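Listed here are the chains, written in short residue letters.
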Amino acid sequence: MDSEREYRPGQVPLPGAGGPPAGSPARPSSRDGIRHARRMSNWTLAALLAGTGAATVALARHALPASTGAGTTAAGSTGTAVSGGQAATAGTGGPQVSHSVATTSGSGTTVSTSTKTVNGKTVIVRTVHHAAYHDN
Amino acid sequence: MTTTTSAVPGLAEAPAWQRIETGDPAVTVVERAALGTTARLAVWPPEHAGLAAVAADRVLAALDMQASRFRADSEISRVQRSDGGLFMLSDGLAEAVRVALEAARWTGGLADPTVGDALIALGYDRDFAAIGAHRDEPLPAAVPAPGWQQVRLDGALLRLPPGVRLDLGATAKGLGSDRAARAVMAAAGQAGGVLVSLGGDIATAGTAPRDGWPIVAADRPDEPGNSPAQPVRLPAGAVATSSITCRRWQRDGRLLHHIVDPRTGRPAGGPWQTATVAAMTCADANAASTAAIVAGPQAQAWLTRAGLPARLAARDGQVRCVGGWPEQDGGTVLVPPVTRVYAGAGPRGGAR
């Protein structure tokens, strides 16, 4: 459609209908408008393609499970390094603690290790707790 | 054991916790029942015990509401009632599921969160305390795990196929210890240090006592004479233990336990009765200790490849130390500063 739409005084074009109302200076021709629209379409298409590609990559990286095959054991795979330096060097600035503060044991059972004084001597007391209700 | 709640500032705001006298005034140790087991905090400076207990309470309550398959009102129970579908999870449950799936990937499926139906088929479908009343019921056919690869998690969006029921038991308790340790350090302004134990799965954060946190690794705590416990020092990181000697029940004349081999749907039957593993986070340690029990004869090789210190106790009472776990009592357990399944906790109480 090559003919330009003429706007009468007082008419207001619809958004994107091709420029300022009649009487305004320097209205672009429809051929320029089509070229502009094509350029914009091309850029929009390129942006959409790039965006879709980036989104696909991001989803693939975040979605679980990833590509590790069934039954393979990845024990030796590289993990995430924890900031804070060597684990072995931590814990040098705290207080002196001599008695056990916790016991690692099977799920649902905790051993309390505490001390009490009997006849002037420190005696280690172990108490076993078995879970009386649900596990998690 | 001496308990009191009055001597620690702020502990009255967390009344479920009871103080335990250990003989060391430099740390405060408090304990309570939580998540079906016992939660314990060791904190320094001692006056931080109150704020630590309040912070840990919030973490444990949230985890219970997110991930407990024994609570009908928990988020995971609501998800599983739908028998498959797409679900937008809370951030907390999404993290718990993500950690479980990462653990499954890392362990090659030895610690698989899709063992929910297998556990239910074995009779572990109710409060553990109520299982004994059903010991004469017949044991249904084994239900191998459908496989963690069927579960998709994209951010907080979970796609669960019909017939796949999750059980986060291999990682959730460790994750809870990690979260609680991080929360305590945040509440304390990153000052001092904390040890959190949930049923024996231990996470630490902040600065440890000189020479490390003194802890005990126990194989059969109910029969200490048959298999001696070992005191060790933990300067940083976490330790978790999985054992077939706990949470056992009978069904149709057979003795069962709660560590299921995902490949068979039956309780794991390898040579190890207890596996204690140290790692940077408790979720990592928890996953690895479960995987070691399930791996059976391959456990030593797997742990060596993973580079994790471990203590394996066989059914005959023999103990094997792997990956640098100290042979001597009082030795130091050094963990590599690397995480595989969860990076939320670290030596400074939350560094990623």
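Before going into details, it helps to say that this report is about the structure given with it. (Residues numbered from 1 in each chain as written. Chains lettered and ligands numbered in written order. Predicted model: local features only at pLDDT ≥ 70, side-chain atom pairs only at ≥ 80, totals over all residues.)

**Side note on the sheet that holds strand β11 (residues 230-234) of chain B**
Move 1: Read across the sheet, three strands follow the order β2(A)-β10(B)-β11(B) without closing on themselves; strand pairing throughout is mixed. The outermost strands of the open sheet, each flanked by one partner alone, are β2 (102-104) of chain A together with β11 of chain B. Strand-to-strand, the axes of this sheet are offset by a mean angle of 40 degrees, without reference to chain direction.
Move 2: Bridge count for β2(A) against strand β10 (residues 213-217) of chain B is three bridges, and the pairing is parallel. Paired with Ala102(A) across the two strands is Ile215(B), which belongs to β10(B). (Pairing = 2+ DSSP bridges. Helix = DSSP H or I, 4+ residues; strand = E, 2+ residues; numbered from the N terminus. Axes fitted to C-alpha atoms, helices over the stretch in contact; angles between N-to-C directions.)

**Some points on unusual backbone geometry**
Residues and elements named next belong to chain B.
Move 1: The residue after Trp44, namely Pro45, is reached through a cis peptide bond having omega -5 degrees.
Move 2: At Leu35, a position not held by glycine, the phi torsion is positive, near 50 degrees.
Move 3: Locating Leu35 in the fold gives a position in the loop between β3 (28-34) and β4 (37-44).
Move 4: Here Leu35 falls in the buried class, since 24 other C-beta atoms lie within 10 Å of it.
Move 5: In this structure, Gln190 takes a positive phi of about 65 degrees despite not being glycine.
Move 6: Tracing the backbone shows Gln190 in the loop between α6 (172-187) and β8 (193-198). (Buried ≥ 20, exposed ≤ 12 C-beta atoms within 10 Å, placed from the backbone.)

**Here we look at the sheet that holds strand β7 (residues 157-160) of chain B**
Residues and elements named next belong to chain B.
Move 1: In space, the three strands of this open sheet follow the order β5-β7-β6, with antiparallel pairing throughout. Sheet topology places β5 (85-88) and β6 (152-154) at the edges, where each strand pairs with a single neighbour. With direction set aside, neighbouring strand axes in the sheet form an average angle of 15 degrees.
Move 2: In terms of strand pairing, β6 meets β7 through three bridges, oriented antiparallel. Residue Leu153 lies in a different strand from β7, and its bridge partner there is Leu158.

**A word on α6(B)**
Residues and elements named next belong to chain B.
Move 1: Here α6 contains 16 residues, and its C-alpha end-to-end distance of 22 Å stays within 8% of the 22 Å for a straight helix at 1.5 Å per residue.
Move 2: Across the 16 residues of α6, 14 count as buried, placing the element largely inside the fold.
Move 3: Gly189 lies just past α6 and shows a positive phi near 65 degrees. (Expected span 1.5 Å × (residues − 1).)

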